[in-house]
Amino acid sequence: MTTPQPRPGILDISPYIGGEAKIEGVERPIRLASNESALGPSPKAMAAYRALAGEIYRYPDGGAEELREAIGRRHGLDPARIVCGAGSDELITLLLRSYAGPGDEVLYSRHGFLMYPINAQTVGATPVAAPERALTADVDALLERVTERTRIVFIANPNNPTGTYLGAAEMARLHAGLPSSVVLAIDAAYAEFVNRNDYEPGAALVDRAENVVLLRTFSKIYALAGLRLGWAYCPPAIADVLNRMRSPFNINAPALAAGVAAVEDVAAVERAHAHNQHWLAWFSGRLAALGLSLTPSVANFVLARFPDDLARNADAAFSFLQRHGILTRKMGAYGLPQYLRISIGTGAEMERVAATLDDFMTAR
Ligand SMILES: Cc1ncc(COP(=O)(O)O)c(C=O)c1O
């Protein structure tokens, strides 16, 4: 008997596996596996979300006008060139569905965000990984892998899971080396955490090019991951394409309302930024003192390399932390099995994790 068959290639896709959220027998685990916010959402965003409860029988504004205007005011951008998505994940998918298909290539950096190769496969395109230098995107290696079939280059800046970034000059050099027909998608999900003079999220590049798209999210510093909200800043022609491709009501009404309140609560973002600066440095220092090597992260997580011996390796560390109620992220899916990625949580959480890792590394 014949059964329905999906399109060729779909059964070759390894589904994305998110960070774990539960530990059996632990009521409130310390959750540091998904780079969520340490401090939680702005009280103003929560109030806006609650205030919407009586209105959820109505369709949301399909054009997300108020939210696009609020984002435009906050960042000095033209709202007409902003397209909102149900998380930046949806915008990654929309870009791929719009600009790539079977026979096309989608270029990304070897340890770039996994959704790029996974989503490239969903449209039948071939993901092409360029090697990195010191766990950092390598502009020359990326440019060497551009072919006539390349349609999109995805760069997470800063990158998840490595925490490393490209400065504005390097990003401009990558753009200058690409054919004008190739979309450069700069995914700045962690932009608000960065504290470096040579970093620029990418809006300036979008303004002077026809082929650059900047992706942003409300899931990280704005702490609205559960609502699924992201946005793209695009050249007009690309905004037009994404608006044709997206579903008409892709952002739900509570997300629109909370997003407006969140983007206007500048103080909440500043608090979250300052918190991250402090605890990223503190936690990195503690891990270094334990002899663990770290990539120099500018985001809200660290990537820690564990020793190779069975008693101290990343798998053993993951299990030890889990037994102590702490969830971190294994990195095997990224080809980095010697590493764990650990998000920056509250101060008390980071102190617990550091003390637990101290026990792990010094246990006999
Ligand atoms: C680099 C990067 N891009 C995009 C996303 C997806 O974010 P969203 O929640 O907006 O879909 C993540 C989430 O972890 C990420 O790390």
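As the structure is a prediction and not an experimental result, all values here were calculated from the model. (Residues numbered from 1 in each chain as written. Predicted model: local features only at pLDDT ≥ 70, side-chain atom pairs only at ≥ 80, totals over all residues. Heavy atoms only, no water.)

Asker: Before we go on, may I ask you to explain the packing of aromatic side chains in this structure?
Answerer: For any pair of aromatic rings, the description rests on two quantities: the centre-to-centre distance and the angle between the ring planes. Inspection of the entire model under this criterion finds 10 aromatic pairs. Arranged with centres 5.4 Å apart and planes meeting at 50 degrees, the rings of Phe-320 and Phe-360 form a pair that is tilted. One end of the pair, Phe-320, is in helix α11 (residues 314-323); the other, Phe-360, is in helix α12 (residues 347-362), with 40 residues separating them in the sequence. Pairwise contacts between aromatic rings join Tyr-16, Phe-113, Tyr-116 and Phe-154 into one cluster. Positioned over the ring face of Phe-301 is Arg-341, at 5.8 Å from the centre of the ring. (Phe/Tyr/Trp six-rings, centres within 6.5 Å; stacked < 30°, edge-to-face > 60°. Helix = DSSP H or I, 4+ residues; strand = E, 2+ residues; numbered from the N terminus. Lys NZ or Arg CZ within 6 Å of the ring centre and 35° of its normal.)

Asker: Got a minute to help me understand the site of the ligand in this structure?
Answerer: Close contacts around the ligand come from 13 residues, with Ser-88, Asn-160, Asp-187, Thr-217 and Ser-219 the closest. One of the backbone nitrogen or oxygen atoms of Asp-89 is found 2.9 Å away from an oxygen atom of the ligand. Ranked by residue count, the leading element in the shell around the ligand is helix α3 (residues 87-99), at three residues. (Near = heavy atom within 4 Å. Polar contact = N/O pair within 3.5 Å; in protein donor to acceptor, adjacent residues only side chain to side chain.)

Asker: For this particular structure, what's the right way to read helix α4 (residues 115-122)?
Answerer: Within an α-helix, residues lying three or four positions from one another point in the same direction, as the helix has 3.6 residues per turn. For α4, the tally of buried residues reaches six of eight residues, placing the bulk of the element in the interior. Among the residues making up α4, those that are buried are Met-115, Tyr-116, Pro-117, Ile-118, Asn-119 and Ala-120. Looking at the buried residues of α4, the elements they touch are α3, β3 (105-109), β4 (126-130), β5 (150-156) and β6 (183-187). Looking at the residues trailing α4, positive phi occurs at Gly-124, about 85 degrees. (Buried < 20%, exposed > 50% of the residue type's maximum accessible area, 1.4 Å probe, protein only. Contact = heavy atoms within 4.5 Å.)

Asker: Just to check I follow, could you spell out empty space enclosed by the protein for this structure?
Answerer: Scanning the entire structure with this criterion turns up two cavities of 30 Å³ or more. Within this model, the largest cavity holds a volume of roughly 90 Å³. What lines the largest cavity is a set of 15 residues, among which Ser-109, Ala-137, Ile-155, Ala-156 and Asn-159 lie closest to the centre. Top contributing element to the lining of the largest cavity by residue count: β5, with three residues. In the lining of the largest cavity, the residues fall into seven nonpolar, seven polar and one charged. The volume enclosed by the second largest cavity comes to roughly 70 Å³. For the second largest cavity, the full set of lining residues is Glu-36, Ser-37, Ala-38, Leu-39, Phe-193, Ala-272, His-275, Asn-276, Asn-300 and Ile-344. In terms of residue class, the lining of the second largest cavity is made up of five nonpolar, four polar and one charged. (1 Å grid on protein atoms, 1.4 Å probe; cavity = no way out; pocket = protein on both sides within 12 Å on 5 of 7 lines; lining within 4 Å. Points joined across faces, edges and corners; volume = space filled by probe spheres on them. Nonpolar A, V, L, I, M, F, W, Y, C, P; charged D, E, K, R; others polar.)

Asker: Would you mind showing me how to read the sheet that holds strand β9 (residues 293-294) here?
Answerer: With respect to topology, four strands assemble into an open sheet ordered β9-β10-β13-β12, the strand pairing being antiparallel. The sheet terminates laterally at β9 and β12 (329-330), the two strands that pair on one side only. The pairing of β12 with strand β13 (residues 339-343) spans two bridges and is antiparallel. Note on β13: the bridge partner recorded for Lys-330 is Leu-340. The sheet contacts of helix α10 (residues 266-289) involve β9, β10 (301-305) and β13, and relative to β10 the element is tilted by about 10 degrees. (Pairing = 2+ DSSP bridges. Axes fitted to C-alpha atoms, helices over the stretch in contact; angles between N-to-C directions.)

Asker: Would you take a moment to explain the pattern of salt bridges for this structure?
Answerer: A side chain with one charge may pair with a side chain of the opposite charge, provided their charged atoms come close. Following the criterion strictly, the structure yields 16 salt bridges and no others. The residue Glu-144 makes a salt bridge to Arg-145 at a minimum N-O spacing of 3.7 Å. When its relative accessible area of 28% is taken as the criterion, Arg-145 is described as partly exposed. One salt bridge in this structure joins Arg-305 and Asp-308, with 3.5 Å as the shortest N-O distance. Three or more residues are tied together by salt bridges with common partners; here these are Arg-133, Asp-138, Asp-140, Glu-170 and Arg-173. (Salt bridge = Lys/Arg side-chain N within 4 Å of Asp/Glu carboxyl O.)

Asker: When you look at the packing of helix α1 (residues 43-51) against helix α9 (residues 253-264) in this model, what are you seeing that I'm missing?
Answerer: Packed helices, taken two at a time, are described by the angle their axes make and the gap between the axes. Close contact between α1 and α9 brings their axes to 8 Å; oriented N to C, the two are set at 155 degrees. Viewed along their axes, α1 and α9 adopt a mutual orientation that is roughly antiparallel. As α1 runs across α9, the sense of the crossing is right-handed. Contacts from Lys-44, Ala-45, Ala-48 and Tyr-49 in α1 reach Pro-254, Ala-257, Ala-258, Ala-261 and Ala-262 in α9. (Parallel < 35°, antiparallel > 145°, perpendicular 65-115°, else oblique. Left-handed = near helix turned anticlockwise from the far one by under 90°.)

Asker: Explain a negative patch on the surface to me, please; I cannot follow it from the model alone.
Answerer: Taken together, the side chains of Asp-61, Glu-65, Glu-66 and Glu-69 make up a negatively charged region of the molecular surface. Residue placement: Glu-65 occurs in helix α2 (residues 65-75). The exposure class assigned to Glu-65 is partly exposed, which follows from its relative accessible area of 45%. (Patch = residues over 30% accessible without salt bridge, like charges linked within 9 Å, V, L, I, M, F, W, Y side chains within 5 Å. Areas by Shrake-Rupley, 256 points an atom, 1.4 Å probe, with all protein chains shown as cover. Lys, Arg positive; Asp, Glu negative; His and termini not counted. Charge placed at Lys NZ, Arg CZ, Asp CG, Glu CD.)

So far we have only geometry, and geometry alone does not tell us how the molecule works.
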